[in-house]
Amino acid sequence: MSPTQKNRPTRSLLRFYAALLSGPIGIGPLYAADIFKADNADALNTEASWVGGIVPTAADIAVFDSSVTGSSFAIGGNLSLGGIRVQGNPSSQTINGISTVFLNLGSGGVDLSGATSGTFFEFSSPTIRLAPGAQSYWKAGAGVTSTIWSNIQGLTYPGG
């Protein structure tokens, strides 16, 4: 066996690993994105509930904007989001669930700072779990109301 033939399996493996490490093939983006809520009443853990048919992941921000005219959304089942952002002037909105269903929120928290005055955003009953060790910021703009009728797990206050 010549030295060239002897090295062929090694070269093939190197090419395979180089192709593998050069980037994912046939896989969608692996980075956080803003995923917009579609204007419907479908459960939030379903593809139909989101523009483009993509359910947000723990890395993504779920965005509710003025195109959403519905007012009440069932969580449907456990859901993990990087955060929630409300912008513009959506109608008053409520995320409904039961205490055994978890809404896991990452460091994006809940951002209502881009919502216009008069916007009301409410969590009603899903258990909200905050990412362990992550700082989760909840912001509200002037005249914006948020009500939480939910159990929050992992909540700590600065200095206490």
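Owing to the predicted nature of the structure, the values given are computational and were not obtained by experimental measurement. Numbering of residues starts from 1 in every chain and runs along the sequence as written. In keeping with the model being predicted, local features are shown solely for residues with a pLDDT of at least 70 and side-chain atom pairs are shown and tallied solely at 80 or more, while totals for entire chains, interfaces and linings include all residues. Water and hydrogen atoms were dropped before computing side-chain values, which therefore reflect all heavy atoms in the structure.

1. Quick look at the overall build of the protein
Link 1 in the chain: Within the protein, the regular secondary structure consists of one helix and eleven strands.
Link 2 in the chain: Each residue gets one of three labels from its accessible area relative to the maximum for its type: buried under 20%, exposed over 50%, partly exposed in between, using a 1.4 Å probe on protein chains only. Counting every position in the protein, which comprises 160 residues, the buried fraction comes to 31%.
Link 3 in the chain: Every residue pair with non-hydrogen atoms within 4.5 Å of one another is taken to be in contact. Considering only residue pairs separated by 6 or more positions, the protein has 65% of its internal contacts joining residues 24 or more positions apart.
Link 4 in the chain: Carbon together with sulfur atoms contributes 58% to the accessible area of the protein, which is approximately 9200 Å² in total. Labels follow the DSSP assignment, with helices taken as runs of H or I lasting at least four residues and strands as runs of E lasting at least two, numbered in each case from the N terminus. Exposure was quantified through the Shrake-Rupley algorithm and a 1.4 Å probe, taking into account, for residues, occlusion by the shown protein chains and nothing else.

2. So, the packing of aromatic side chains
Link 1 in the chain: In this scheme Phe, Tyr and Trp rings, the latter by its six-membered ring, pair at centre separations within 6.5 Å, and the angle between planes marks the pair as stacked below 30 degrees, edge-to-face above 60, and tilted otherwise. Within the structure shown, the criterion is met by five aromatic pairs.
Link 2 in the chain: Taking 5.5 Å as the distance between ring centres and 80° as the angle between the ring planes, the aromatic pair formed by Phe121 and Phe123 counts as edge-to-face.
Link 3 in the chain: A connected cluster of aromatic rings, assembled from ring pairs, spans Trp50, Phe64, Phe73, Phe121, Phe123 and Trp138.

3. Focus: the sheet that holds strand S7 (residues 120-124)
Link 1 in the chain: Strand order in the open sheet formed by four strands is S3-S5-S7-S10, with parallel pairing between adjacent strands. On the outer flanks of this sheet lie strand S3 (72-74) and strand S10 (145-149), each paired with one strand and no other. Within the sheet, the average angular offset between the axes of one strand and its neighbour, ignoring direction, is 10°.
Link 2 in the chain: Alignment of S7 against S10, held across five bridges, turns out to be parallel. Paired with Ser124 across the two strands is Trp149, which belongs to S10. Following DSSP output, two strands are said to pair if at least two bridges run between them. The axes used here are C-alpha line fits, helices contributing only the stretch in contact, and every angle between their N-to-C directions lies in the interval 0 to 180 degrees.

4. A word on the environment of Ser71
Link 1 in the chain: Tracing the chain through its elements places Ser71 in the loop between strand S2 (61-64) and S3.
Link 2 in the chain: Assessed through its relative accessible area of 43%, Ser71 is described here as partly exposed.
Link 3 in the chain: Here the alpha-carbon distance between Ser71 and Phe120, two residues 49 residues apart in the chain, equals 9.7 Å.

5. Focus: the pattern of salt bridges
Link 1 in the chain: One side-chain nitrogen of Lys or Arg within 4 Å of one carboxyl oxygen of Asp or Glu is enough to make a salt bridge. Using the criterion set out here, one finds two salt bridges in the structure.
Link 2 in the chain: A salt bridge links Arg85 to Asp34, with the shortest nitrogen-to-oxygen separation between them at 2.8 Å. Highlighted residues: Arg85 in strand S4 (residues 79-88) and Asp34 in strand S1 (residues 34-36), separated in sequence by 51 residues.
Link 3 in the chain: A salt bridge links Lys139 to Asp111, with the shortest nitrogen-to-oxygen separation between them at 3.9 Å. Taken together, the positions of Lys139 in strand S9 (residues 138-140) and Asp111 in strand S6 (residues 102-115) put the pair 28 residues apart, joining distant regions of the chain.
Link 4 in the chain: On the accessibility criterion, Asp111 (14% relative accessible area) is buried.

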